[in-house]
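Breakdown of the fold
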Amino acid sequence: MNHGAATYVRYIDKTRAYYQAEGYAKPYQWAHFDQIPFTPFASLGKPLSRCRVGVVTTSEMARRDEEAGPDDPRRLVYALPTDIPVDQLRSRKEAYDRYATTLDDVDSYLPLTHLHRFAAEGRIGAVAPRFQMIASEYSHRKTLTIDAPEILKQMREDRVDVAVLTAV
Amino acid sequence: MSLAARYLEENGIPTVVFGCARDIVEYCGVPRFIFSDFPLGNPTGRPYDLDMQREVLSLGLDLLVNATAPGTTVVTPYEWSADHSWKDKVLTKEQPFLDPEATRKWLARKEAYRALKATGKI
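All of the points below concern the structure found in this document. (Residues numbered from 1 in each chain as written. Chains lettered and ligands numbered in written order. Predicted model: local features only at pLDDT ≥ 70, side-chain atom pairs only at ≥ 80, totals over all residues.)

**Some details on the overall build of chain A**
Counting its secondary structure elements, chain A contains three helices and seven strands. Along chain A, helices and strands appear, N-terminal first, in the series α-β-β-β-β-α-β-β-α-β. Each principal axis of the C-alpha distribution contributes one length, and for chain A these read about 50 × 40 × 40 Å. Residues classed as buried in chain A amount to 33% of the 168 residues present. For chain A, contacts bridging at least 24 residues in sequence account for 77% of all contacts bridging at least 6. (Helix = DSSP H or I, 4+ residues; strand = E, 2+ residues; numbered from the N terminus. Buried ≥ 20, exposed ≤ 12 C-beta atoms within 10 Å, placed from the backbone. Contact = placed C-beta atoms within 7 Å.)

**Topic: the overall build of chain B**
Secondary structure summary: chain B contains five helices and three strands in total. Along chain B, helices (α) and strands (β) appear in the sequence α-β-α-β-α-β-α-α when read from the amino end. Since a compact globule built from 122 residues should have a radius of gyration of about 14 Å, the 18 Å found for chain B marks it as more spread out than a globular shape. Along the three orthogonal principal directions, the C-alpha set of chain B runs to about 45 × 40 × 25 Å. When burial is assessed residue by residue, chain B has 40% of its 122 residues classed as buried. Contacts spanning at least 24 positions in sequence make up 44% of the contacts within chain B whose residues lie at least 6 apart. (Rg over C-alpha atoms; globule rule 2.2 N^0.38 Å.)

**Remarks on the nonpolar core**
Among the nonpolar cores identified, the biggest contains 62 residues, and V53, A163 and L165 of chain A together with A4 and V17 of chain B are the most heavily contacted of them. When neighbours within four sequence positions are excluded, L165 of chain A is seen to be in contact with V56 of chain A together with M1, A4, A5, T15, V17 and F18 of chain B. (Core = buried A, V, L, I, M, F, W, Y, C linked by C-beta atoms within 7 Å.)

**Observations concerning the interface of chain B and chain A**
In this assembly, 67 residues from chain B lie in contact with 63 residues from chain A. Looking at the side of chain B that touches chain A, the elements with two or more residues in it are α1 (2–10), β1 (15–19), α2 (22–28), α3 (50–66), α4 (85–89) and α5 (100–118) of chain B. Of the residues belonging to the side of chain B that touches chain A, the class tally is 38 nonpolar, 15 polar and 14 charged. (Nonpolar A, V, L, I, M, F, W, Y, C, P; charged D, E, K, R; others polar.)

**Concerning the packing of helix α3 (residues 140–157) of chain A against α1 of chain B**
The contact between α3 of chain A and α1 of chain B brings their axes to 9 Å, and the two run at 50 degrees. In this view, α3 of chain A runs oblique relative to α1 of chain B, as classed from their interaxial angle. Relative to α1 of chain B, α3 of chain A is oriented so that their crossing is right-handed. Here H140, T143, L144, D147, A148, I151 and L152 of chain A of α3 of chain A lie close against α1 of chain B, whose contacting residues are L3, A4, Y7 and L8 of chain B. (Axes fitted to C-alpha atoms, helices over the stretch in contact; angles between N-to-C directions. Parallel < 35°, antiparallel > 145°, perpendicular 65-115°, else oblique. Left-handed = near helix turned anticlockwise from the far one by under 90°.)

**Some thoughts on the pairing of β1 of chain B**
When you tally the buried positions in β1 of chain B, you get five out of five residues, the bulk of the element. Burial of β1 of chain B is two-sided: the residues T15, V17 and G19 of chain B facing one way and the residues V16 and F18 of chain B facing the other way are all buried. Here strand β7 (residues 162–166) of chain A pairs with β1 of chain B via four bridges, running parallel. Bridge pairing in β1 of chain B places L165 of chain A opposite V17 of chain B. Of the pairings in the sheet, the one linking β1 of chain B to strand β2 (residues 32–35) of chain B comprises three bridges and is parallel in character. Note on β2 of chain B: the bridge partner recorded for F18 of chain B is I34 of chain B. (Pairing = 2+ DSSP bridges.)

See below:
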């Protein structure tokens, strides 16, 4: 099939076909809801220039100078400070399009440099002191009952007003 | 990721998701979504293109403030390359999604997770 410029990749169909060919019998059930929650920005009662911005990512960041620890199968939420220069961070993510691109430039999936600049320029009030890593989970239950509540808890502790989430 | 955005939003924190898998994010349904028609990996702009990255983030901040209804998608105006053949190669036998070592780690982690779940530890 030839893709025109306006045609984006159908990952749900492609994943189903790919893993079926690999011998997996039961296709993955992607999360689906009829209703979408909404908190209007206006309900915060202040401009973006006074908002603290939180950041969540699936990019599995680690400090470059730290030894990789053992792989924890629970893959719990963890956080790192947002003031680490991006050149001291690296992604450990393995599930991305490694044929077409790289994860060498942190700001192409975790825009810390640009958020700090927007804070310095007054476009946003501040960047939250830490950002959260969440694993791309097979289990919806785990995301909703363990990971998401932990992120909310940390964001409340950090007095985060709005959140930017990047899916790698 | 989409589930986390929904959860934060339900709890009073406006969110914006940046991603490259439009069908997955929209099938789940998130309040605000910035879609880049890029390979999985660079949802906030092309590597080392600081102007594009800044603009993509800026679009997201605008959407945070200006969205009036949930399920709003904004498509970034950038093309990964004039040649779209990378899309055809995604998730094919010729280009396995994970390399063999990553696949082995993924399967081992799945087994370990199942074992933890069976003992009620997660």
